[in-house]
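In case you want the letters, here they are:
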Amino acid sequence: MASPSVQDLLPPSLDSTSQPPSLFDGTTRLYINYQCPYSQRVWITRNVKGLQDMIKLVPIDLQNRPDWYKEKVYPKNKVPSLEHNNKVTGESLVLVKYVDCNFEGPSFLPDDQEKRKFVEELIAYSDTTFVPEVYKSFAKDARTQAGVQFDYLEKALHKFDDGPFFLGQLSQVITIFHFLFLSDNVPSEMVDIIYAPFVERFHVFMPEGFNYDITTGRPKLAKWIEEMNNLDGYKQTKVLEQEKMVGYYKNRFLLKA
Ligand SMILES: N[C@@H](CCC(=O)N[C@@H](CS)C(=O)NCC(=O)O)C(=O)O
């Protein structure tokens, strides 16, 4: 197992001119796109569990996608997907749990029943409500409509108040694991990983697009972002160029609104 703070060399994205890897040869491959927040969730999970040597990153250029990706790897033609044990699985929320359960390293789900229920609710909320509602708000009244969603996070961060993460402090198992690796940075748990890529984007885009800072009046959210930004396994996945992302979001949401 690699240290969670190990620095990966980021491979170049494969495009329509690239040959496929030697599929189903026993290598575990995580197909991602460097700009994709859904991919980033699984990528962070892999890093914070110290699985850099076990799960190979295969970035795909979505603008110029290789045909073999849809034909031979993942017929839904989306990222992320994971090639493992001769099968390919997709959907980021499924994959975060899959990587957590099927590989070594400390589990990111709490044993405590109350915490478990809270985590499952937050995870379900992320893609049914939080992400779509914030995106929808960009075409309407972003400050009010998206504000409700950031208030939801702020309130959730108050529930377990003994630390900056959604479950407060990190579980002992995770903390000990990182202590053993002599890492200063401990990873967050699953729910933090699931929200981080989206909050990262909204935090950068909303001041530009709507003159709206999502952390104003939300001290817990501000602290959570600060603490997340210190985590090695997450930091390494923050490769999105902010200007590009803002341009992409403006083009996608504002010019068409
Ligand atoms: N529900 C999926 C969403 C994945 C997704 O939409 N990925 C985008 C990139 S961020 C994609 O592959 N888009 C390509 C396409 O839809 O053709 C998940 O959670 O993994």
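Every residue gets a number counted from 1 within its own chain, in the order that chain's sequence is written. A pLDDT threshold of at least 70 governs which residues receive local features in this predicted model, and a stricter bar of 80 or more applies before side-chain atom pairs are shown or counted, although totals over entire chains, interfaces and linings include all residues.

S.K.: Where do I start with the overall build of the chain in this structure?
M.R.: Secondary structure elements are defined from DSSP: runs of H or I of at least 4 residues count as helices, runs of E of at least 2 residues count as strands, and each element is numbered from the N terminus. Of the regular secondary structure elements, the chain holds 10 helices and 4 strands. N-terminal to C-terminal, the α/β element order of the chain is β-α-β-α-β-β-α-α-α-α-α-α-α-α. Partly exposed residues are those whose C-beta has more than 12 but fewer than 20 other C-beta atoms within 10 Å; with 20 or more the residue is buried, with 12 or fewer it is exposed, and the C-beta atoms are placed from the backbone. For the chain, the residues scored as buried account for 35% of the 257 residues in total. We call two residues in contact when their backbone-placed C-beta atoms lie within 7 Å. In the chain, the share of contacts with a sequence separation of at least 24, taken over all contacts with a separation of at least 6, comes to 72%.

S.K.: Explain the sheet that holds strand β4 (residues 87–90) to me, please; I cannot follow it from the model alone.
M.R.: Strand order in the open sheet formed by 4 strands is β2-β1-β3-β4, and the pairing between neighbours is mixed. Sheet topology places β2 (55–59) and β4 at the edges, where each strand pairs with a single neighbour. In this sheet, neighbouring strand axes are inclined to one another by 20° on average, regardless of whether the strands run parallel or antiparallel. Pairing between strands requires that DSSP locate at least two bridges from one strand to the other. As paired elements, strand β1 (residues 28–32) and strand β3 (residues 81–84) share 3 bridges and run antiparallel to each other. Interaxial angle, 0 to 180 degrees, is taken between N-to-C directions of lines fitted to C-alpha atoms, where a helix line uses only the stretch in contact.

S.K.: I'm lost on the pairing of β4 in this one. Help?
M.R.: For a regular strand, the rule is simple: side chains alternate between the two faces of the sheet. Sheet analysis places β3 next to β4, joined by 4 bridges and oriented antiparallel. Residue pairing for β4: Ser81 is matched across the bridge by Gly90. Counting the residues between successive antiparallel strands, the hairpin from β3 to β4 contains 2 residues, one of them, Asn85, with a positive phi of roughly 50°.

S.K.: For this particular structure, what's the right way to read the nonpolar core?
M.R.: Ranked by size, the top nonpolar core spans 55 residues in total, and within it Leu30 and Ile32 carry the most contacts. Looking at which element gives the most residues to this core, the answer is helix α7 (residues 190–210), with 11 residues. Domain start and stop positions are those given by an automatic or database domain assignment. For this core, the domains that each give at least three residues are domain 1 (28–102) and domain 2 (113–254). In this structure Leu30 touches Val42, Trp43, Arg46, Ile55, Leu57, Val58, Pro80 and Leu82, once residues within four positions along its chain are discounted. Each nonpolar core consists of buried Ala, Val, Leu, Ile, Met, Phe, Trp, Tyr and Cys residues. Their C-beta atoms, within 7 Å, join them into a set.

S.K.: I would appreciate a short explanation of the packing of helix α4 (residues 113–137) against α7 in the present structure.
M.R.: Between two packed helices, what matters for the description is the angle formed by their axes and the separation of those axes. Taken N-terminus to C-terminus, the directions of α4 and α7 make an angle of 15°; their axes are 9 Å apart at the nearest point. Considering the angle they form, α4 stands roughly parallel to α7. Crossing of α4 against α7: the hand is left-handed. Note on element contacts: α7 touches α4 through Met190, Val191, Ile194, Tyr195, Phe198 and Phe202, opposite Val119, Leu122, Ile123, Ser126, Val131 and Val134. Here the residues of the contact of α4 with α7 are counted per class, giving 11 nonpolar, 1 polar and no charged. Any angle that falls under 35 degrees is termed roughly parallel, while one over 145 is termed roughly antiparallel, one within 65 to 115 roughly perpendicular, and all others oblique. We call a crossing left-handed when the near helix sits turned anticlockwise from the far one by less than a right angle, and right-handed when that turn is clockwise. As a working rule, the residues Ala, Val, Leu, Ile, Met, Phe, Trp, Tyr, Cys and Pro are called nonpolar, Asp, Glu, Lys and Arg charged, and the rest polar, with Gly in that last group.

S.K.: Teacher, can you tell me more about unusual backbone geometry here?
M.R.: Excluding glycine, a negative phi dihedral is what most residues carry, and trans is how most peptide bonds are arranged. Put simply, Val79 and Pro80 share a cis peptide bond, and its omega is 5°. Relative to the helices and strands, Pro80 is located in the loop between α2 (67–73) and β3. Positive phi outside glycine occurs at Asn77, with the angle close to 60°. Mapping Asn77 onto the fold places it in the loop between α2 and β3. By C-beta crowding, Asn77 is classed as partly exposed, having 15 other C-beta atoms within 10 Å. The backbone of Asn85 sits at a positive phi, close to 50°, despite the residue not being glycine. Structurally, Asn85 is set in the loop between β3 and β4.

S.K.: Can you walk me through helix α1 (residues 37–48) in this structure?
M.R.: Working rule for helices: expected span equals 1.5 Å times residues minus one. Look at α1: 16 Å from first C-alpha to last across 12 residues, which is about the 16 Å you get at 1.5 Å a residue. Within α1, 12 of the 12 residues are buried, which leaves it mostly tucked inside the rest of the structure. Every buried residue belonging to α1 is among Pro37, Tyr38, Ser39, Gln40, Arg41, Val42, Trp43, Ile44, Thr45, Arg46, Asn47 and Val48, and all of these are buried. Packed against the buried residues of α1 are β1, β2, α3 (92–102), α7 and α9 (232–235).

S.K.: Is there a simple way to think about the environment of Ile44 in this case?
M.R.: Looking at the element boundaries, Ile44 is found in helix α1. Among all residues touching Ile44, those that are not within four sequence positions of it are Ile193, Ala196, Gly233, Tyr234 and Thr237.

S.K.: Looking at this model, I keep getting lost on the packing of α4 against helix α5 (residues 142–159). Mind explaining?
M.R.: Look at α4 against α5: their axes get within 9 Å of each other, and the N-to-C directions meet at 165°. By the angle between their axes, α4 is roughly antiparallel relative to α5. Pair α4 / α5 crosses with left-handed handedness. Every residue of α5 that contacts α4 at Phe118, Leu122, Phe130, Glu133, Val134 and Ser137 is listed here: Ala142, Gln145, Ala146, Gln149, Ala156 and Lys159.

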